[in-house]
Amino acid sequence: MIDRILIVGLGSIGKRHLKYCREIFPKADIKIFRHTKSDEVPELSNGCLFKYDDVINFRPHFAIIANPASHHIKTATILLENDINLLIEKPIASSLENIDKFIELSKKTDAKVLIGYNLRFLNSLQNFKELILSNSIGSIFSIRLDVGKYLPSWRPDQDYRDTVSAQSRLGGGVLLELSHEIDYLRWIFGEVDWVYAKLSKQSNLEVDVEDTAHLLLGVSPDSHKKIIASINMDFVRHDPIRMCTVIGDKGTISWNGLNNEIKTFNKDGGKWIKKIGLENDYNDSYKFEINHLVECIIHDKRPKISIDDGLKTLKIIEAAKESSKKNIAINLV
């Protein structure tokens, strides 16, 4: 059924999606939508389109929106008006501005929209969630998330100053670029009630965005339980990290997103025990999310990561910015 695919944008994430779409659909007609006219035919593609009319005439079975976050909603709205199924790369947008029309439109169409928080498709993170929800560490006291990597080392073949991550006008900065942590915090532990944040530019990197963010968040797994979570994000550390540590009354459990390892520390055992490791790598998660969208299209299922999920994460980001500016906690409920 899937023989026409559109990829919007051909930056690093667009190229990644092109590679995996070609692997999954070797005979598909895969077109790239670009705003700059060129005779170049990108490797693995079947050519480029440069006008929205050409995109509509192409009638892709689904489109992956991988252009800068500041352009997501404009592109997504036009495609959704023509009932084109979408995978929108995270974050759903760079701000809540002009998003209302898109939301209303999404309620009137049968097209499927999946938000690209691909970490949810890692087996290790799924197992981490299951272990926590199965009460393996008992009552939760504290949640701590850390993510960081030196920005110039993200894409060694590209000047970091030219990337989306480094530019405010394109939706850069640690809050938007590393918003996976906010998404999976909600997914595992429940909705965020309030946020208190401090955002700053600590380094000498040539960027016009925050390179460091420290967040405290109130999380409600249910109506009776309140937990404080912390998220530390940065573009400055040379030792990469992506980790979630949860402390409970029976022990501690941690997830390492760099090697997909889960470890537990039982209060009676007195040592760390490796539970799960290397079940699938980060690249596989992109294939899984593409296949999930296709399954939703074919079997008329609701995507696991919905527009509402994307919006809730974006609202937390907006609240964190407001909190840092005003030096107060911002309520979300």
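Above this text is the structure in question.
Residues numbered from 1 in each chain as written. Predicted model: local features only at pLDDT ≥ 70, side-chain atom pairs only at ≥ 80, totals over all residues. Heavy atoms only, no water.

J.: Help me understand the pairing of strand 11 (residues 241-248) in this model?
T.: Working note: regular strand, side chains alternate between the two faces of the sheet. Of all eight residues in strand 11, six are buried; the element is thus mostly enclosed. Note that strand 7 (residues 140-148) and strand 11 share eight bridges and pair antiparallel. The residue of strand 11 that forms the bridge with Val-147 is Arg-242. Examined bridge by bridge, strand 11 and strand 12 (residues 251-256) share five bridges and lie antiparallel to one another. Residue pairing in the sheet places Ile-247 in a bridge with Thr-252 of strand 12. Counting the residues between successive antiparallel strands, the hairpin from strand 11 to strand 12 contains two residues. (Buried < 20%, exposed > 50% of the residue type's maximum accessible area, 1.4 Å probe, protein only. Helix = DSSP H or I, 4+ residues; strand = E, 2+ residues; numbered from the N terminus. Pairing = 2+ DSSP bridges.)

J.: How should the pairing of strand 7 be read in this particular structure?
T.: Summarising the sheet, strand 7 and strand 10 (residues 227-234) pair through seven bridges and their orientation is parallel. When the bridges of strand 10 are listed, Leu-145 appears paired with Ile-231.

J.: Could you clarify how one ought to interpret the packing of aromatic side chains in this entry?
T.: How two aromatic rings sit relative to each other is given by the distance of their centres and the angle of their planes. Applying the stated criterion across every chain, the model contains seven aromatic pairs. Residues Phe-33 and Tyr-52 carry aromatic rings whose centres are separated by 4.9 Å and whose planes lie at 55° to one another, so their mutual orientation is tilted. Taken together, the residues Phe-33 in strand 2 (residues 29-33) and Tyr-52 in helix 2 (residues 52-58) connect sequence positions 19 residues apart. Judged on exposure class, the residue Phe-33 and its partner Tyr-52 are both buried. A centroid spacing of 5.6 Å and a plane angle of 65° characterise the contact between Phe-265 and Trp-272, whose relative ring orientation is edge-to-face. For Phe-265, a relative accessible area of 28% translates into the label partly exposed. Taking the relative accessible area as the measure of exposure, Trp-272 reaches 41% and is therefore partly exposed. Among the aromatic side chains, those forming a connected cluster through ring pairs are Tyr-20, Tyr-282 and Tyr-286. (Phe/Tyr/Trp six-rings, centres within 6.5 Å; stacked < 30°, edge-to-face > 60°.)

J.: Is there a simple way to think about the sheet that holds strand 3 (residues 48-49) in this case?
T.: Pairing between the strands of a sheet is mediated by backbone hydrogen bonds and can be parallel or antiparallel. The six strands are arranged 3-2-1-4-5-6 in an open sheet whose pairing can be described as parallel. Two strands lie at the open edges of the sheet, namely strand 3 and strand 6 (113-116), each paired on one side alone. By the bridge criterion, four bridges tie strand 1 (residues 4-8) to strand 4 (residues 62-65) in an arrangement that is parallel. Paired with Val-8 across the two strands is Ile-65, which belongs to strand 4. Those strands touched by helix 3 (residues 72-80) are strand 1, strand 4, strand 5 (85-89) and strand 6, and its axis lies near 175° from that of strand 5. (Contact = heavy atoms within 4.5 Å. Axes fitted to C-alpha atoms, helices over the stretch in contact; angles between N-to-C directions.)

J.: Teacher, can you tell me more about the packing of helix 1 (residues 12-24) against helix 8 (residues 282-299) here?
T.: Two numbers describe a pair of packed helices, the interaxial angle and the distance between the axes. Helix 8 packs onto helix 1 with a crossing angle of 65° between their chain directions and a minimal axis gap of 10 Å. In terms of their interaxial angle, helix 1 and helix 8 are classed as roughly perpendicular. Along this stretch, helix 1 crosses helix 8, giving a crossing that reads as right-handed. Contacts from Ile-13, Arg-16, His-17, Tyr-20, Cys-21, Glu-23 and Ile-24 in helix 1 reach Tyr-282, Asn-283, Tyr-286, Lys-287, Glu-289, Ile-290 and Asn-291 in helix 8. Considered class by class, the residues forming the contact of helix 1 with helix 8 number seven nonpolar, three polar and four charged. (Parallel < 35°, antiparallel > 145°, perpendicular 65-115°, else oblique. Left-handed = near helix turned anticlockwise from the far one by under 90°. Nonpolar A, V, L, I, M, F, W, Y, C, P; charged D, E, K, R; others polar.)

J.: Explanation requested: unusual backbone geometry in the structure shown.
T.: Most peptide bonds adopt trans geometry, and most residues besides glycine take a negative phi value. Between Lys-90 and Pro-91 the backbone carries a cis peptide bond, its omega angle lying at -15°. In this structure, Pro-91 sits in the loop between strand 5 and helix 4 (100-106). In this structure, Asn-98 takes a positive phi of about 60° despite not being glycine. As for its position among the elements, Asn-98 is in the loop between strand 5 and helix 4.

J.: When you look at the state of the cysteines in this model, what are you seeing that I'm missing?
T.: Here, disulfide denotes a covalent bond that connects the sulfur atoms of two cysteines. Scanning the entire structure with this criterion turns up zero disulfides. Here Cys-48 is not disulfide-linked; the sulfur of Cys-21 is the nearest cysteine sulfur, at 15 Å. (Disulfide = S-S within 2.5 Å.)

J.: I keep staring at the side chain of Asn-118 and nothing clicks. Help me out?
T.: Secondary-structure assignment places Asn-118 in the loop between strand 6 and helix 5 (123-133). Taking relative accessible area as the criterion, Asn-118 reaches 0% and is therefore assigned buried. For Asn-118, the side chain forms a polar contact with the side chain of Ser-285, separated by 2.7 Å. Excluding residues within four positions of it along the chain, Asn-118 makes contact with His-180, Tyr-282, Ser-285, Tyr-286 and Glu-289. (Polar contact = N/O pair within 3.5 Å; in protein donor to acceptor, adjacent residues only side chain to side chain.)

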